Amino acid sequence: MSAIMEFINWLDGMVWGPPIMILLVGTGLLLTIYLAGIQFRRLGWSIKFTLFEGRKKQGEGDITPFQALMATIAGTVGIGNIAGVATAIAAGGPGALFWMWITALVGMATRYSEALLGVAFRGKLPDGTMIGGTFNFLERGLTEEEISPTWRTIAGIFVVLFAIFIGYEATKLGGGLMILATIIAILFLILALYLLSGRSLPSIGKTLAILFALFAAISAFGIGNMTQANSLALGMKQAFNVPYWATGAFFAFITFIVIVGGIKRIGEVTEALVPFMAIIYFIFAIGVWIKYAGQLPSAIALIFRDAFTGKAVAGGAVGTVIRWGVARGLFSNEAGLGTATLAHASARTDHPSRQAHVGMLGPLIDTLIICSLTGISIVATGAWETGKTSTPLTQEAFARAFGHIGEAMVVIGVIFFAYSTVLAWSFYGRQNIMYLAKWIEGDPEKFAKLYPKLHLIYNLLFVVFIFIGATTALENVWTFSDMMNGLMAIPNLVGLLLLATVIKRYTDEFVSANP
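About the cut-offs
Residues numbered from 1 in each chain as written. Predicted model: local features only at pLDDT ≥ 70, side-chain atom pairs only at ≥ 80, totals over all residues. Heavy atoms only, no water. Helix = DSSP H or I, 4+ residues; strand = E, 2+ residues; numbered from the N terminus. Rg over C-alpha atoms; globule rule 2.2 N^0.38 Å. Buried < 20%, exposed > 50% of the residue type's maximum accessible area, 1.4 Å probe, protein only. 1 Å grid on protein atoms, 1.4 Å probe; cavity = no way out; pocket = protein on both sides within 12 Å on 5 of 7 lines; lining within 4 Å. Points joined across faces, edges and corners; volume = space filled by probe spheres on them. Nonpolar A, V, L, I, M, F, W, Y, C, P; charged D, E, K, R; others polar. Patch = residues over 30% accessible without salt bridge, like charges linked within 9 Å, V, L, I, M, F, W, Y side chains within 5 Å. Areas by Shrake-Rupley, 256 points an atom, 1.4 Å probe, with all protein chains shown as cover. Salt bridge = Lys/Arg side-chain N within 4 Å of Asp/Glu carboxyl O. Axes fitted to C-alpha atoms, helices over the stretch in contact; angles between N-to-C directions. Parallel < 35°, antiparallel > 145°, perpendicular 65-115°, else oblique. Left-handed = near helix turned anticlockwise from the far one by under 90°. Contact = heavy atoms within 4.5 Å. Phe/Tyr/Trp six-rings, centres within 6.5 Å; stacked < 30°, edge-to-face > 60°.

(A) Summary view of the overall build of the protein. When helices and strands are counted, the protein shows 24 helices and 2 strands. Radius of gyration (C-alpha) of the protein: 22 Å, near the 24 Å computed for a compact globule of 515 residues. Counting only C-alpha atoms and orienting by the principal axes, one finds that the protein spans roughly 60 × 55 × 50 Å. Burial statistics for the protein: of 515 residues in total, 61% are counted as buried.

Below you can see the structure in the form of structure tokens.
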């Protein structure tokens, strides 16, 4: 068991190591350049449409464009916005917040592209609801579209670099673990060779689609379920002394009555829940800013100065500041992981780019707004110098402004954010499992007959795992689910790069008709 956990810890480090961060940020930068800064030049149109027309029904789909956005934000606005920001600042210094902002800005182009492809290649389930996501655009896109040799080469080079990194790190392991790690590196090299040669792309697309769906389905029960339930139960115990079993049973019940209604009910609930919890958190955070208004200018100056000097970090390493800022930023907004494609594919829209304009607001709201509320509060109050980290550091910042009420507010924020994440991930997991079930069954008619039973079984299992997560210690589950969450990014980003010309074609078509 110790050998297995050693390998999981090693692979988790590889998945969230420098190569995947370079791939995530690099993909966002390349898409930003290729789409002529879509997230900047079309931001005004995006905000205007989302606020004034986002609740209208346009075209096929299950939920409104605004509900799809709220569902994705429900999935991303979670523990990372409270504990993740605090961890980044504690480990990387105040400057880490600046690099979280940069990650969000380039991530908006990534999210735009994910949402566009999610709609462009979506299909339907037996009950008539939409199904779309990374698995769909990998399978169909690499079969139906002509792949640009340039973008295929870029994707291949990224994979080669990832394989080299894994191979080098494998030499630091011993025995069977080194052999297993070397095999993984070789598999990545084989994938790179296929990409560079352009051979068997439809088969590569299908294989990557299945892997993504598998990673995402497992993540739904880990990072999207048990770990969130555990944080939620700890928060209820700390704030209100509610027994873990009672929290688990209650939240399993209220989750079930929502998710049994599918994406339509999830969309309705998150449409009300996400703005409510964001506004409450916003009010308290702004209260901290008002009380420490005199420190705000120096705090913001410190964030920008430390981003390029690293002097506030032990050892003064600017690389540490960047690494923590980028890592926590990516973990917070999930741009590049592929989760957003699932919800946006369900939106009622008449054009993939229209929904993509809505989708790209996700990282802006999640990281540039909500994470900033937490981060600037921590720096302005001086709480970052206490040596605390994670949720206790955020509580320290709010407590300096509001006393025990501030601490309780952070706990309540954790509860709301964790619950909203569970709702969103219940849908993500279901879509990926249905894709896998359809692939395993093979016969569409038989799958259609099995679908209602699979849907019910999945919902029941999901809420059972909520109870388990709320009542069980999860030391190893956190690491394993974190690893699976990161593995989702690799097939998703490869797909985005390979289909970049498709993204641009839809974008140019829509922008020319909607200036």
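On we go from here.
(B) Summary view of empty space enclosed by the protein. Applying the stated criterion to the full structure yields 5 cavities of 30 Å³ or more. Volume-wise, the largest cavity comes out at about 70 Å³. Residue lining of the largest cavity: 13 residues in total, with Ala229, Leu232, Phe251, Val422 and Ile466 positioned closest to the centre. Looking at the lining of the largest cavity, the elements that each hand over two or more residues are helix H11 (201-240), helix H12 (244-259), helix H20 (404-441) and helix H21 (444-471). Across the lining of the largest cavity, the residue classes tally to 9 nonpolar, 4 polar and no charged. Lining the second largest cavity are Phe276, Met277, Ile280, Tyr281, Met409, Ile412, Gly413, Phe416 and Phe417. Counting residues per element, the ones that place at least two in the lining of the second largest cavity are helix H13 (262-291) and H20. The leading source of residues in the lining of the second largest cavity is H20, at 5 residues. Looking at side-chain class alone, the lining of the second largest cavity contains 8 nonpolar, 1 polar and no charged residues.

(C) Examining a nonpolar patch on the surface more closely. Among the surface-exposed residues, Ile179, Leu180, Ile183, Ile186, Leu187 and Ile190 lie close enough to one another that they form a single nonpolar patch of about 530 Å² accessible area. Here Ile190 is to be found in helix H10 (residues 175-197).

(D) Representation of the packing of helix H2 (residues 18-34) against helix H9 (residues 149-170) within the structure. Between H2 and H9, the least distance of the axes is 10 Å, while the angle of their chain directions is 165 degrees. On the basis of their axis angle, the class for H2 and H9 is roughly antiparallel. H9 is crossed by H2, and the crossing has right-handed handedness. Contact with H2, carried on its side by Pro18, Pro19, Ile20, Ile22, Leu23, Gly26, Leu30 and Tyr34, involves Trp151, Ile154, Phe158, Phe162 and Phe165 of H9 and no other residues of that element. Considered class by class, the residues forming the contact of H2 with H9 number 12 nonpolar, 1 polar and no charged.

(E) The arrangement of the pattern of salt bridges in detail. All chains considered together, the criterion is met by 10 salt bridges. When the shortest N-O distance is used, the salt bridge between Arg354 and Asp350 registers 2.7 Å. We classify Arg354 as buried; its relative accessible area is 11%. Given a relative accessible area of 47%, Asp350 falls into the partly exposed group. With a shortest N-O distance of 3.5 Å, Asp508 and Lys504 are connected by a salt bridge. Highlighted residues: Asp508 and Lys504, both in helix H24 (residues 500-513), separated by 4 residues, approximately one helical turn. Of the residues examined, Asp508 reaches a relative accessible area of 37% and is grouped as partly exposed.

(F) Molecular detail of the packing of aromatic side chains. Considering all chains together, one arrives at 22 aromatic pairs under this definition. Taken together, a centroid distance of 4.9 Å and an interplanar angle of 70 degrees make the contact between Phe162 and Phe188 edge-to-face. You can see Phe162 sitting in helix H9 and its partner Phe188 sitting in helix H10, a full 26 residues away along the chain. Assessed through its relative accessible area of 6%, Phe162 is described here as buried. What makes Phe188 buried here is its relative accessible area of 13%. Between the aromatic rings of Phe276 and Phe416, the centroid separation amounts to 5.8 Å while the plane-to-plane angle is 70 degrees, which identifies the pairing as edge-to-face. Pair noted here: Phe276 is in helix H13 and Phe416 is in helix H20, with a separation of 140 residues, a long-range link.

(G) Representation of unusual backbone geometry within the structure. At Ser200, a position not held by glycine, the phi torsion is positive, near 55 degrees. Within the fold, Ser200 resides in the loop between H10 and H11. For Asn241, which is not glycine, the phi torsion reads 55 degrees and is therefore positive. For Asn241, the position within the fold is in the loop between H11 and H12.

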